[in-house]
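The chain contents come next:
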Amino acid sequence: MDLIFSQLLDGLSIGAVLLLAATGLAIVFGLMGVINLAHGEFMMIGAYVTFVVQNIFRPLGGFAFESYYIIALIASFLVTAIFGVVLEKTLIRRLYGRPLETLLATWGISLILIQFVRSVSLAMVIGIAVTALLGWALQKFLPLPLKQASFASYLKGVLWTVAGIVGLIVISTTASIGRFFSNPWFGPRNLDVTPPKWLQGTWGSIAGIELPGIRIFIIILSALLIAAVVWFLTKSVWGVRIRAVTQNREMSNCLGIPTDSVDSITFGIGSGLAGVAGCAITLLGSVGPNLGGSYIVSCFMVIVLGGVGNLLGTIIASMMLGIIQSIIGSGSLLIAFPDMPNSLRSVVEFFATTSMSYVLVFIFIIAFLQFKPTGMFPQKGRSVEA
Amino acid sequence: MKLFKRLVPWILLAFAFFILPAMANSELFGFSQFRLNLFGRYFSLAFVALGVDLIWGYTGLLSLGQGIFFSLGGYAIAMHLLLVTKNDFTTGANGLPKFFENYGVDNLPFFWEPFWSFPVSIIAVFIVPSVIAGFVGYLIFRNRIKGVYFSIITQASLMVFYHFFNGQQKLVNGTNGLKTSTTEIFGLVAGSDEAQVLFFRITLILLPFAYLLCKYLTSGRFGDSLVAIRDDEPRLRFSGFNPTPFKVIVFVVAGGLAGISGALYTVQSGIVSPQFMSISMSIEMVIWVAVGGRGTLVGPIIGAVLVNYLRSLVSEALPEAWLFVQGALFVFVVVLMPDGIYGWFTKGGFTSMLAAFGIAKKTATYPKLDFDESVQEESFKV
């Protein structure tokens with residue numbers, strides 16, 4: 001029974017991470033009808049921010065190093081939120097009302113982010129900065145007649161291409177100077193984050209069962225954050241605006257709610273939550289560029305299962321997913337109930353790997369959607385599309 | 001001129017069919033057997049792109065699960081080849097494919113049995129994916145799941161199959177997949193140059209048939225219904241149509257095409273593995289269509305060949321850059337070139353660019369769209 005309990009705790013903490021990530025995704029999906037396939041990569045960025053913060057604080061040692069994790073949490077939220085807002089303002093906004101295209105474009109972004117993390121070096125940062133500056137300056141100081149010419153949009157493309165090529169040249173020349181410039185910061189390898197001492201070990205015990213600090217911390221963290229999100233959505237001014245736009249965009253716009261800003265803020269918060277989830281993942285395992293992909297499909301499943309725009313559904317669905325996967329996938333049922341009948345035993349054994357537990361859970365979800373196509377807690381209201 | 005336009009694809013096809021293998025044989029212009037094999041792979045990917053175009057370009061359903069059907073076709077042909085080949089590389093001591101030895105399997109799993117027969121395997125290449133597509137499609141479309149939900153569900157189904165094939169070493173060799181390059185077909189070793197030229201030619205012979213099938217489906221009433229589903233499904237339903245059978249049929253056809261594509265790709269790449277069912281592979285299939293031009297039938301073929309050729313070029317020159325290029329391609333095509341290359345040329349993008357530079361005459365509609373009242377009203381309704 002101890003084993004089952006500890007697996008339950010494992011499942012809860014994985015579910016908590018899923019919950020954080022899926023909540024961000026669900027808010028954005030509910031508001032804009034947009035699926036952000038780069039969401040997993042935002043988690044990855046959050047994890048890398050944690051790694052960077054850890055490395056900054058490591059030489060300080062003592063109390064400063066012990067408290068780095070709190071700062072990493074805040075930093076990962078802020079950095080990914082900024083990434084999210086930039087993505088929304090530059091790309092998502094142009095694709096408004098075309099959800100499938102948005103899905104493809106965000107997948108493109110996620111590929112770029114993965115490769116960026118793998119190969120980012122000082123040379124590359126300099127090159128990108130040069131490209132951005134040059135591109136901006138070329139547009140800015142373009143003579144007015146050219147700006148108003150009928151071929152202005154094509155000219156713009158040409159100018160950006162030129163800026164990009166100059167950037168590539170800058171990258172290759174600076175990279176050839178020395179290893180200081182060309183060394184990738186992170187590389188494709190997996191990196192490890194050491195949790196601070198107060199998170200390692202156990203936090204007391206209940207009825208003889210030890211409570212691992214990291215797991216409990218993640219569960220508490222996610223509970224607090226979800227409470228904060230609920231408070232924000234129901235009590236704060238911007239939260240009310242977000243809910244208004246979610247319910248009826250045109251009407252809100254007519255009533256003077258700045259829907260553009262609402263979109264940006266929501267996207268920022270959603271991405272920020274993904275960043276915090278990424279920060280939490282660093283406690284559970286190592287950090288790699290492909291980290292996002294392994295969580296993103298589960299996040300989608302949580303949303304589909306829970307019903308869009310419903311926090312309670314998201315909470316229940318993510319906990320269910322986490323617990324089922326960890327209890328069945330680890331095969332602890334076999335150990336906990338050694339004397340189960342043979343036929344049942346062979347079935348449980350068949351699914352007692354991580355891969356096969358995914359198979360089981362996803363089949364279960366697809367079957368569930370046959371009975372409730374809109375999830376456990378569907379959005380109420382009338383529309384043609386429903 | 002019109003006749004010439006109609007002949008161009010056939011000339012290109014004949015060129016690829018007769019001249020390219022000869023060029024590869026004599027290493028003309030640096031064109032090698034290796035390149036020929038790569039082009040064979042690209043053309044085999046055009047089949048799956050055609051299928052994606054049917055469901056996405058024409059019907060407006062973005063399936064992210066075509067990899068399932070693609071790999072099933074590949075597994076079907078690979079299983080047959082592994083069973084019938086008897087040589088030291090592929091056959092283990094107990095007369096079964098060699099990998100079974102590693103896991104101590106002595107009896108052939110039951111679902112391998114039908115693949116002893118060549119005709120059954122060839123039929124299975126497209127029937128198995130079609131049946132599974134029909135089943136999955138019926139379950140999804142019955143519930144009116146569409147839009148982004150459809151994409152997510154198909155992706156989840158993809159993950160089900162991926163994890164299943166990945167986790168079942170004793171049945172299908174798990175992560176390692178099935179290697180076909182050492183097997184024998186028509187008395188040739190599948191990895192040899194002669195066999196590869198043969199596969200290349202088979203691919204080129206089949207491609208026009210796939211194209212004509214899609215052409216047949218998309219012209220006429222059936223095709224109109226598909227476009228109607230894409231553009232305004234509720235309206236179609238209100239006018240008394242049931243869109244579900246249309247969607248299921250088109251999904252089945254797309255699945256069958258993906259299966260053929262997977263089989264052709266597998267024999268030419270020499271391996272089928274669960275990697276074909278990775279999330280990225282299925283999304284890439286969509287981008288080939290988007291680059292080529294969705295809603296057209298030439299577009300997907302162009303897109304599949306072009307994007308994959310670009311992929312080879314970039315990965316050979318600078319392996320790290322490919323993901324950047326691919327990501328940028330996704331964003332660029334979606335934001336700036338929604339009609340794709342072929343659509344850009346045929347739907348007036350090219351002429352409007354020329355017009356912008358003052359080379360071609362501007363085409364104007366009459367009455368001008370900006371001032372036509374009925375058009376203005378239309379846009380308000382939407």
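Residues numbered from 1 in each chain as written. Chains lettered and ligands numbered in written order. Predicted model: local features only at pLDDT ≥ 70, side-chain atom pairs only at ≥ 80, totals over all residues.

The helix and strand inventory of chain A stands at 18 helices and 2 strands. What you see for chain A is a C-alpha radius of gyration of 24 Å, in line with the 21 Å of a compact globule of 386 residues. Across its three principal axes, chain A shows a C-alpha extent of roughly 85 × 60 × 40 Å. The proportion of buried residues among the 386 residues of chain A is 41%. Put simply, of all contacts in chain A between residues at least 6 apart along the chain, 79% involve residues at least 24 apart. (Helix = DSSP H or I, 4+ residues; strand = E, 2+ residues; numbered from the N terminus. Rg over C-alpha atoms; globule rule 2.2 N^0.38 Å. Buried ≥ 20, exposed ≤ 12 C-beta atoms within 10 Å, placed from the backbone. Contact = placed C-beta atoms within 7 Å.)

Along its length, chain B carries 17 helices and 4 strands. The C-alpha atoms of chain B give 23 Å as radius of gyration, which agrees with the globular expectation for 382 residues (21 Å, within 12%). With respect to the three principal axes, the spread of C-alpha positions in chain B is 80 × 55 × 40 Å. Across the 382 residues that make up chain B, the buried fraction comes to 46%. In chain B, 75% of the contacts between residues at least 6 apart in sequence involve partners at least 24 apart.

Residues and elements named next belong to chain B. Per-residue pLDDT for chain B has a mean of 82; in total, 92% of the residues score no lower than 70. Mean pLDDT per element in chain B: helix α17 (residues 373-381) is the minimum at 54, and helix α11 (residues 243-269) is the maximum at 91. Our summary of model confidence lists the complex with pTM equal to 0.86 and ipTM equal to 0.83. (pLDDT = per-residue confidence, 0-100.)

Take the interface of chain A and chain B next. Listed by partner, the interface residues are 39 residues for chain A and 39 residues for chain B. Broken down by element, the side of chain A that touches chain B gets its largest block of residues, 14 residues, from helix α5 (residues 99-119) of chain A. Class assignment of the residues belonging to the side of chain A that touches chain B gives a composition of 29 nonpolar, 8 polar and 2 charged. (Nonpolar A, V, L, I, M, F, W, Y, C, P; charged D, E, K, R; others polar.)

All right, on to helix α6 (residues 147-167) of chain B then. With 21 residues, α6(B) should cover 30 Å at 1.5 Å per step; its first-to-last C-alpha distance of 31 Å lies within 8% of that length. Of all the 21 residues making up α6(B), 19 are buried; the element is thus mostly covered by neighbouring parts of the structure. (Expected span 1.5 Å × (residues − 1).)

As a further point, take the domain arrangement of chain B. Assigned domains within chain B: domain 1 (1-31), domain 2 (32-341) and domain 3 (348-382). Listed per partner, the contact involves 9 residues of domain 1 of chain B and 10 residues of domain 2 of chain B. (Domains from an automatic or database assignment.)

Right, let's talk about the nonpolar core for a bit. One finds A:A21, B:A49 and B:I287 to be the most contacted residues of the largest nonpolar core, which totals 200 residues. Per element, the largest residue contribution to this core is 17 residues, and it comes from helix α1 (residues 2-32) of chain A. (Core = buried A, V, L, I, M, F, W, Y, C linked by C-beta atoms within 7 Å.)

Residue and element names in this part refer to chain A. Direction vectors running N to C along helix α10 (residues 213-235) and helix α13 (residues 259-284) enclose 170°, while the axes themselves pass 10 Å from each other. In terms of their interaxial angle, α10 and α13 are classed as roughly antiparallel. In contact with I214, I218, L221 and L225 of α10, α13 contributes V276, A280 and L283. Residues that form the contact of α10 with α13 fall into these classes: 7 nonpolar, no polar and no charged. (Axes fitted to C-alpha atoms, helices over the stretch in contact; angles between N-to-C directions. Parallel < 35°, antiparallel > 145°, perpendicular 65-115°, else oblique.)

It is worth spelling out the confidence of the model for chain A at this point. Overall, the prediction assigns chain A a mean pLDDT of 82, with 95% of residues at 70 or greater. At the low end of the mean pLDDT range in chain A sits strand β1 (residues 202-206) of chain A, at 69; at the high end sits helix α4 (residues 68-90) of chain A, at 90.

For the pair α5(A) and helix α14 (residues 321-336) of chain B, the least separation of the axes is 8 Å and the interaxial angle reads 160°. Put simply, α5(A) runs roughly antiparallel to α14(B). Read as a crossing pair, α5(A) and α14(B) show a hand that is left-handed. For the pair α5(A) and α14(B), the contacting residues are A:E101, A:L104, A:A105, A:W107, A:G108, A:I109, A:L111, A:I112, A:I114 and A:Q115 in the first and B:L323, B:F324, B:Q326, B:G327, B:A328, B:F330, B:V331, B:V334 and B:V335 in the second. The class makeup of the residues in the contact of α5(A) with α14(B) is 14 nonpolar, 4 polar and 1 charged. (Left-handed = near helix turned anticlockwise from the far one by under 90°.)

Right, let's talk about the environment of A:A274 for a bit. All names here are of chain A. Tracing the sequence through the fold places A274 in helix α13. As a C-alpha pair, A274 and T80 span 194 residues in sequence and 7.6 Å in three-dimensional space. Apart from residues lying up to four places away in sequence, A274 is in contact with A21, G24, H39, F42, M43, G46 and T80.

A few words on the environment of A:P196. All names here are of chain A. Residue placement: P196 occurs in the loop between α9 (179-182) and β1. When the C-alpha positions of P196 and I296 are compared, they lie 27 Å apart, and in sequence the two are 100 residues distant. Excluding residues that lie within four positions of it along the chain, P196 makes contacts with F65, E66, Y68 and Y69.

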